[in-house]
Amino acid sequence: QVQLVESGGGLVQAGGSLRLSCAASGIIFSINTMGWYRQAPGKQRELVAAITSGGTTNYADSVKGRFTISRDNAKNTVYLQMNSLKPEDTAVYYCNAEIVRRFSMVPQGYWGQGTQVTVSS
């Protein structure tokens, strides 16, 4: 009943920018923390950035100063602005959200389908 739909991935040259979006849909009461994870070939999935409902952010050291996470609560959407992209940023990026459904008080974790980001040198 709840889905996270991601968009904005693609192919970009090193130094370029991309903006990822993730919109939550369904019967939603509230959304707590939202975040972005990524998984590169041969690597474990890692947290890239997260943002709480109050706007507190957390970033992986590797993206600090280059990536910015934000959210639009009215649209149930989280964004990841990625600047100064490097080939090392190449990965499948997954949206994650902790969501409380309507008529429930129990938060549940949801994942998007993933969107490919490829940075060429």
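J.: Would you mind going over the nonpolar core with me for this structure?
T.: Among soluble globular proteins, nonpolar side chains are generally buried collectively. Of all hydrophobic cores here, the largest spans 31 residues; its most connected members are W36, L80, M82, Y93 and I99. Those elements giving two or more residues to this core turn out to be β3 (18-25), β4 (28-39), β5 (46-51), β7 (67-72), β8 (77-82), β9 (91-101) and β11 (115-120). In terms of residues, this core owes the most to one element, β9, which gives 5 residues.

J.: I'm lost on the pairing of β4 in this one. Help?
T.: On a regular strand, one side chain projects to one face of the sheet and the next to the other, so that they alternate. When β4 meets β9, the two strands line up antiparallel, connected through 9 bridges. Bridged to R38 within β9 is Y93. Two elements, β4 and β5, share 5 bridges in a ladder whose sense is antiparallel. Note on β5: the bridge partner recorded for Y37 is L47. If you look at the hairpin formed by β4 and β5, you'll find 6 residues sitting between the two strands, and G42 has a positive phi there, around 75°.

J.: I tried to follow the environment of T52 on my own but got confused; where do I start?
T.: Mapped onto the secondary structure, T52 falls in the loop between β5 and β6 (57-59). Owing to a relative accessible area of 28%, T52 belongs among the partly exposed residues under this scheme. A C-alpha to C-alpha distance of 9.6 Å links T52 and S70, two positions 18 residues apart in sequence.

J.: For this particular structure, what's the right way to read the state of the cysteines?
T.: When the sulfur atoms of two cysteines share a covalent bond, that bond is a disulfide. All told, the structure shown has 1 disulfide when counted by the stated rule. Across a sulfur-sulfur distance of 2.1 Å, C22 and C95 are joined as a disulfide pair. Between C22 and C95, the disulfide has an S-S torsion of -85° and is therefore left-handed. Here the residue C22 occupies a position in strand β3, and C95 occupies one in strand β9, the gap between them amounting to 73 residues. The class of C22 is buried, set by a relative accessible area of 0%. C95 gets classed as buried once you look at its relative accessible area, which sits at 0%.

J.: Explain the pairing of β7 here, please?
T.: Only one face of β7 is covered, namely the one carrying F67, I69 and R71; the face carrying T68, S70 and D72 has none of its residues buried. Here β7 runs beside β8; their pairing, made up of 6 bridges, is antiparallel. Following the sheet pairing, D72 is matched in β8 by T77.

Reading guide: rules and limits
- Residues numbered from 1 in each chain as written.
- Predicted model: local features only at pLDDT ≥ 70, side-chain atom pairs only at ≥ 80, totals over all residues.
- Heavy atoms only, no water.
- Core = buried A, V, L, I, M, F, W, Y, C linked by side-chain atoms within 4.5 Å.
- Buried < 20%, exposed > 50% of the residue type's maximum accessible area, 1.4 Å probe, protein only.
- Helix = DSSP H or I, 4+ residues; strand = E, 2+ residues; numbered from the N terminus.
- Pairing = 2+ DSSP bridges.
- Disulfide = S-S within 2.5 Å.

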